[in-house]
Amino acid sequence: MNFLAASIESLGAKVTGWFTVGYGIFAFLAKAVLLLLLDRTIWNRATFDVVIKQVYFTSVQILHVFLGYALVISWLIITIILSTARDFGLTEFASEMTIRVLVLELLPFLTALFIALRSGSAINTEIALMQVNNELDALAHCKVPPMQFEFLPRLIGGVISVITLAGLAGLLALLLAYLSIYGLSMAGFEPFTQTFAKIFNLQIMAGLIAKCALFGLAVTLIPITAGLETPKKLFMVPVSVLRGMMRVFFAIVAIEVVSLALKYI
Amino acid sequence: MLAAVAALPDDVARVALDLPLRANLSALDNIALIPLYQSHFDATESTRQAQAMLERLGFAGIAPLRDPDMTPAQRFATQLARALILQRPRLVIDRPGAMLYDVPYPAFIRQLAEQAAMTGTWEIYDFSWNQPLYNQALDSE
Amino acid sequence: MNTLHFKVGLFAAASLLLAGVFLVYLLHARGFFEDTVHLQLAAASADGVAPGVPVVFSGIEIGRVTTLGLNDNGGIIIHTEFLARNAKWLKENSSFTLDKPIVGGAKIRVDSPDLNAPALPDNATMLLTTSDVSKEIPVLVERVKAILANVEHLTRKDGEINATLANVKTVTGRMTGEYGVLESVLGSPEKARAVTDSLDKTRALITKLDGMALKMDGMATKADRWLFASGGIADQASGSMAQVRLMLTDAQASLKKADALMANAVAISADVKEGTQDIAKLRAEIDDAVRKANALVNEINKMWPFARDPEVNLP
């Protein structure tokens, strides 16, 4: 009986914990969005400069690495799809399959994972260290708003970066798919355009951009809130990063699953 | 008494160990944040003001340094500059001994205060057993 | 100059440029800059047609079905839409066929035999015919079965061929008897007619089987076109077709032999002894043909499981 009570209690504690975390994330997001929408004073050069710095660190700095990686992955997947399609005599579906698998699903997902691993973990560590070192208190004392100065630029930078990088990788994959299927000639342009037009309608485009934006938000918002939760003890920083990255991973998978469900069910 | 220092009202600028500099910004950027976000000056003007403040304290050379690269004296000077540029009527230096552990700090602070030549009051809170140090260097400031 | 800002600026400019190019391409692909041409197709049944079903010309999609509706006479009117650049493939002598392949979705195929013919006007109405491989195969199997039933009927124990054989026996008996050769042929007109009748039937059956074999050939080429050019199901399908054809040729050969033997018997060779041996051989040959024909029906059912069971075995 005691065992049962204890299990129920621990389950309750876990559920409460999840709710607290979720509430924290959404409350923070609401605060950021309200600030962005309502406070005209933050639309200034200073915020813009920090956003530019964040975009630089999250996307421009790694652009060549990222594009190389997207190239290799796209080339592999396209080759696999093409050879399978040829084996089964379904070549006419190859370009559609490539676009659906790569451009709409795999590349945005991998981009989000890439940014999460590189920038998300860095953001989580940095915010946790700022919290532990009292740097946030110092900023508060100086009346420099950390939301505007530190957090919001990271959120905006994350969203911009994931959308742009996923878009660039998608364009690269489209080009690569065309070259793999039709080679260096304009002969396939018409059928490719037809397939392209069939897949990309307004809903799909809006869904793709919304999905990338959500990915961008997840890989920055969750690390920030996880960092802010860190108790003021240095040894808690790794724990904070660990928790934050775990949540980021779950969030990315959840966004992908929901988007697939909305698209195909 | 220490709790009272931490709970001082908003119009007091504090220099204290528990209000560190932003670690990934240079000394100049740390100071320039204040005019940038409080008075909404543009980046050039804020940087100019911050540089002027550092020059006034005699530490113009440390502008590009970040927190971990500074000596305790340089770090203190940056924190002081950040507090001064807030332009609040009172300035409280909380336990300078903890920050300036490798210089004879009462004399050092006095020298800085002369160079800054700012209006307003500077108050130093310190442990009572450090009282003799101040008596040698200066009268109550 | 701030290199960080320069790099971000370059990145933003390049991305915006690419996004712009992408948007223009997208709008072009979706025909935003073009007029659309509409066409109505009249069909007997809307089975398998739904909005979004592609209209293909030479394997390339040139338009899609937008809406379906009934007209006042209860016929189906399918509205299709084409981009102006694709409308040039629609000619007045174009034929429109609804294809429902075993693998893949339904599509409407346009065949324009003469590309110099005058173009179809906007909002024209054309007839949609149906060609359905999955419907045609069971029909074919039914026909093969009917033919084989016919063969069985001919060769049943008290059937015409048996009777004929009995007749032949009598004839040969008579030949050896006192009536002589001429009398044996002309002596009994009814019996003579029975022999010719069953011979005619056998010949008709052979012609039918010939037709079947031709049809099978046609089916195989058609199937090649309907399914995919090479590999996978396509190979298996045309392989099965080839086998059916082989088996039919086999049956046909057996029956031809029977025909030859019958002809031989009726010609009443002078060598009576040889004649009786031929008749025994004929019996065996016809039995053989029937067995093979039965096996054929089973084989066809096995090889085209979708006739009863929609499952298609992928390799």
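The rules behind the values
- Residues numbered from 1 in each chain as written.
- Chains lettered and ligands numbered in written order.
- Predicted model: local features only at pLDDT ≥ 70, side-chain atom pairs only at ≥ 80, totals over all residues.
- Helix = DSSP H or I, 4+ residues; strand = E, 2+ residues; numbered from the N terminus.
- Buried ≥ 20, exposed ≤ 12 C-beta atoms within 10 Å, placed from the backbone.
- Contact = placed C-beta atoms within 7 Å.
- Nonpolar A, V, L, I, M, F, W, Y, C, P; charged D, E, K, R; others polar.
- Pairing = 2+ DSSP bridges.
- Expected span 1.5 Å × (residues − 1).
- Axes fitted to C-alpha atoms, helices over the stretch in contact; angles between N-to-C directions.
- Parallel < 35°, antiparallel > 145°, perpendicular 65-115°, else oblique.
- Left-handed = near helix turned anticlockwise from the far one by under 90°.
- Core = buried A, V, L, I, M, F, W, Y, C linked by C-beta atoms within 7 Å.
- pLDDT = per-residue confidence, 0-100.

Draft legend 1. Spotlight on the overall build of chain C. Of the regular secondary structure elements, chain C holds 7 helices and 7 strands. Listed N to C, the secondary structure of chain C is α-β-β-β-β-β-β-β-α-α-α-α-α-α in terms of helices and strands. Put simply, chain C has 315 residues, and 23% of those count as buried. Pairs at least 24 residues apart make up 70% of the contacts formed inside chain C by residues separated by at least 6 positions.

Draft legend 2. Layout of the overall build of chain A. Counting its secondary structure elements, chain A contains 9 helices and 0 strands. Of all 265 residues assigned to chain A, the portion counted as buried reaches 37%. Of all intrachain contacts in chain A linking residues separated by at least 6 positions in sequence, the fraction that spans at least 24 positions is 85%.

Draft legend 3. Quick peek at the interface of chain B and chain A. Of the residues lining the interface, 16 residues belong to chain B; the matching set on chain A comes to 17 residues. The biggest single contributor to the side of chain B that touches chain A is helix H2 (residues 27-38) of chain B, with 5 residues. Residues of the side of chain B that touches chain A, tallied by class, amount to 9 nonpolar, 2 polar and 5 charged.

Draft legend 4. Broad picture of the pairing of strand E3 (residues 60-70) of chain C. All names here are of chain C. Bridge count for strand E2 (residues 54-57) against E3 is 4 bridges, and the pairing is antiparallel. Of the residues in E3, the one forming a bridge with Val55 is Gly63. The hairpin turn running from E2 into E3, its antiparallel successor, is 2 residues long, and Ser58 in that turn takes a positive phi close to 50 degrees. Sheet topology note: the E3/strand E4 (residues 76-83) ladder contains 7 bridges and is antiparallel. Across the sheet, residue Gly63 finds its bridge partner in E4, namely Phe82. Hairpin connection, E3 to E4: the antiparallel pair is bridged by 5 residues, and Gly74 has positive phi, about 85 degrees.

Draft legend 5. Representation of the interface of chain A and chain C in the model. Listed as interface residues are 23 residues of chain A and, on the opposing side, 21 residues of chain C. Mapped onto the side of chain A that touches chain C, the elements with two or more residues apiece are helix H2 (45-60), helix H3 (63-87), helix H6 (146-182) and helix H7 (189-199) of chain A. Among the residues making up the side of chain A that touches chain C, the classes are represented as 13 nonpolar, 6 polar and 4 charged.

Draft legend 6. Local environment of helix H4 (residues 72-85) of chain B. Residues and elements named next belong to chain B. The terminal C-alpha atoms of H4, which comprises 14 residues, lie 20 Å apart, in line with the 20 Å expected from a rise of 1.5 Å per residue. Here the buried face of H4 lies against strand E1 (12-15), H2, helix H3 (43-56), strand E2 (90-94), helix H5 (96-99) and helix H6 (105-116). Where H4 terminates, the next one or two residues include Gln87, which has phi positive at roughly 55 degrees.

Draft legend 7. Layout of the packing of H2 of chain B against H4 of chain B. All names here are of chain B. Where H2 meets H4, the closest approach of the two axes is 9 Å, and the angle between their N-to-C directions is 10 degrees. If you check the angle between H2 and H4, you find them roughly parallel. Crossing handedness for the pair H2 and H4: right-handed. Where H2 abuts H4, its residues Ala27, Asn30, Ile31, Ile34 and Pro35 lie against Thr78, Ala81, Arg82 and Ile85. In terms of residue class, the contact of H2 with H4 is made up of 6 nonpolar, 2 polar and 1 charged.

Draft legend 8. Seen up close, the nonpolar core. In this structure, Leu155, Val162, Phe215, Ala218, Val219 and Ile252 of chain A are the most contacted members of the largest nonpolar core, which totals 57 residues. Breaking this core down by element, the ones donating at least two residues are H2, H3, helix H4 (94-132), H6, H7, helix H8 (202-228) and helix H9 (236-264) of chain A. In terms of residue count, H6 of chain A provides more of this core than any other element does, 15 residues in total. Setting aside residues no more than four positions away along its own chain, Val219 of chain A makes contact with Ala112, Ile115, Ala116, Ser119, Gly120, Gly158, Val162 and Val248 of chain A. The next biggest cluster of nonpolar side chains, apart from the first, holds 38 residues, and it includes Ala138 of chain A together with Val15, Leu36 and Ile93 of chain B.

Draft legend 9. Quick look at the sheet that holds strand E3 (residues 121-125) of chain B. Residues and elements named next belong to chain B. Taken in spatial order, the 3 strands line up as E1-E2-E3 in an open sheet, and their pairing is parallel. Two strands in the sheet have a free side with no partner beyond their single neighbour: E1 and E3. Taken pair by pair, the neighbouring strands of this sheet meet at an average axis angle of 20 degrees, ignoring direction. As defined by bridge partners, E1 adjoins E2 across 4 bridges and the pair is classed as parallel. Paired with Val15 across the two strands is Ile93, which belongs to E2. Packing of H4 onto the sheet brings it into contact with E1 and E2, and relative to E1 it is tilted by some 175 degrees.

Draft legend 10. Expanded view of the confidence of the model for chain A. Scored by pLDDT, chain A comes out at a mean of 90, with 100% of its residues at no less than 70. The lowest-confidence element of chain A is H7 of chain A, averaging 84 in pLDDT; the highest-confidence one is H8 of chain A, averaging 94.

Draft legend 11. Layout of the pairing of E2 of chain B. Pairing of E2 of chain B with E3 of chain B, which is carried by 5 bridges, proceeds in the parallel orientation. Of the residues in E3 of chain B, the one forming a bridge with Arg90 of chain B is Thr121 of chain B.

Draft legend 12. Summary view of the environment of Gly97 of chain B. Residue and element names in this part refer to chain B. Residue position: Gly97 is located in helix H5. Since 15 C-beta atoms lie within 10 Å of it, Gly97 is described here as partly exposed. C-alpha of Gly97 to C-alpha of Phe127: the two residues are 30 residues apart in sequence and 8.9 Å apart in space.

Draft legend 13. Looking closely at the packing of H4 of chain A against H7 of chain A. Residues and elements named next belong to chain A. Viewed as axis vectors pointing N to C, H4 and H7 meet at an angle of 45 degrees, and their least axial separation amounts to 10 Å. One finds that H4 runs oblique with respect to H7. Crossing hand, H4 versus H7: right-handed. Of the residues in H7, those touching H4 at Ser95, Glu96, Ile99 and Arg100 are Phe192, Thr195, Phe196 and Ile199. Grouping the constituent residues of the contact of H4 with H7 by class yields 4 nonpolar, 2 polar and 2 charged.

Draft legend 14. Representation of the environment of Ser119 of chain A in the model. Residue and element names in this part refer to chain A. Among the structural elements, Ser119 can be located in helix H4. Looking at Ser119, the number of C-beta atoms within 10 Å reads 24, which means it is buried. Sequence-wise, Ser119 and Pro223 are 104 residues apart; in three dimensions their C-alpha atoms are separated by 9.4 Å. Leaving out residues up to four positions away in the same chain, Ser119 has contacts with Phe57, Thr58, Gly158 and Val219.

Draft legend 15. Structural view of unusual backbone geometry. Residue and element names in this part refer to chain B. Located in the positive-phi region is Gln87, a residue other than glycine, with phi close to 55 degrees. Relative to the assigned elements, Gln87 resides in the loop between H4 and E2. A positive phi is found at Arg95, a non-glycine position, where the angle reads about 45 degrees. Checked against the element boundaries, Arg95 lands in the loop between E2 and H5. Take Arg95: there are 18 C-beta atoms within 10 Å of it, and that puts it in the partly exposed class.

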